[in-house]
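A structural walkthrough
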Amino acid sequence: MHEMAIAQGILEIVADAAANNGAGKVSRIKLQIGQLTAIEPDALRFCFAAMAAGTMAERAELEIEIMPLICRCQDCSRSFAVEAFRLVCPDCGSHRTEITSGRELRVEHLEVE
Ligand SMILES: [Zn+2]
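Let me sum up the structure you'll find in this document. (Residues numbered from 1 in each chain as written. Predicted model: local features only at pLDDT ≥ 70, side-chain atom pairs only at ≥ 80, totals over all residues. Heavy atoms only, no water.)

Bringing the pattern of salt bridges into the picture now. Scanning the entire structure with this criterion turns up 7 salt bridges. The closest approach of N and O atoms between Glu 108 and Lys 30, which form a salt bridge, is 3.8 Å. With Glu 108 in strand S6 (residues 105-112) and Lys 30 in strand S1 (residues 26-34), the pair connects residues that are 78 residues apart, well separated along the chain. (Salt bridge = Lys/Arg side-chain N within 4 Å of Asp/Glu carboxyl O. Helix = DSSP H or I, 4+ residues; strand = E, 2+ residues; numbered from the N terminus.)

The structure is reproduced here in structure tokens:
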């Protein structure tokens, strides 16, 4: 269950940021999570709530934005949403594509009190 490790990582980032801002409490956390990370938002919420108990983030509302898997074709420069992990350019059929979105795991925004 890798959500537990991820929840811990998020909590550390949040605790650092809150301490740097002299904040006492974290009220809201916005996360961006790429599709490719295979994180279950519900599992992450559950783990985070368990780990945040007794910390400054105890009552923080967790907002999770799932970032879709987007590739860019290196031959024709087209960006396209990937479905069913077909990493082939729908325009020119090239296999030379790079993932430009979908691997994110970041704290995008933090509200403190
Ligand atoms: Zn192409």
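Moving on from the model shown.
In this structure, Ile 10, Val 26, Ile 29, Leu 31, Leu 44, Phe 48 and Ala 57 are the most contacted members of the largest nonpolar core, which totals 20 residues. When contributions to this core are tallied by element, the ones reaching two or more residues are helix H1 (3-20), S1, helix H2 (41-52) and strand S2 (61-67). Looking at this core element by element, the count peaks at 6 residues for H1. Not counting residues up to four positions away in its chain, the partners in contact with Leu 31 are Ile 10, Leu 44, Leu 62, Glu 63, Ile 64, Glu 65, Arg 106, Val 107 and Glu 108. By size, the runner-up hydrophobic cluster in this structure holds 6 residues, among which are Leu 69, Cys 71, Val 82 and Cys 89. (Core = buried A, V, L, I, M, F, W, Y, C linked by side-chain atoms within 4.5 Å. Buried < 20%, exposed > 50% of the residue type's maximum accessible area, 1.4 Å probe, protein only. Contact = heavy atoms within 4.5 Å.)

Our focus in this paragraph is the coordination of the zinc ion. The protein atoms donating to the zinc ion are Cys 73 (SG), Cys 76 (SG), Cys 89 (SG) and Cys 92 (SG), with metal-donor distances spanning 2.3 Å. Counting the intervening residues between successive donors of the zinc ion yields the motif C-x2-C-x12-C-x2-C. Within this pair, whereas Cys 76 is found in the loop between strand S3 (70-73) and strand S4 (79-81), its partner Cys 92 is found in the loop between S4 and strand S5 (97-101), the two being separated by 16 residues in sequence. With relative accessibility at 35%, the residue Cys 76 sits in the partly exposed group. Taking the relative accessible area as the measure of exposure, Cys 92 reaches 43% and is therefore partly exposed. (Donors = N, O, S within 2.8 Å, 3.2 Å for Na, K, Ca; no water.)

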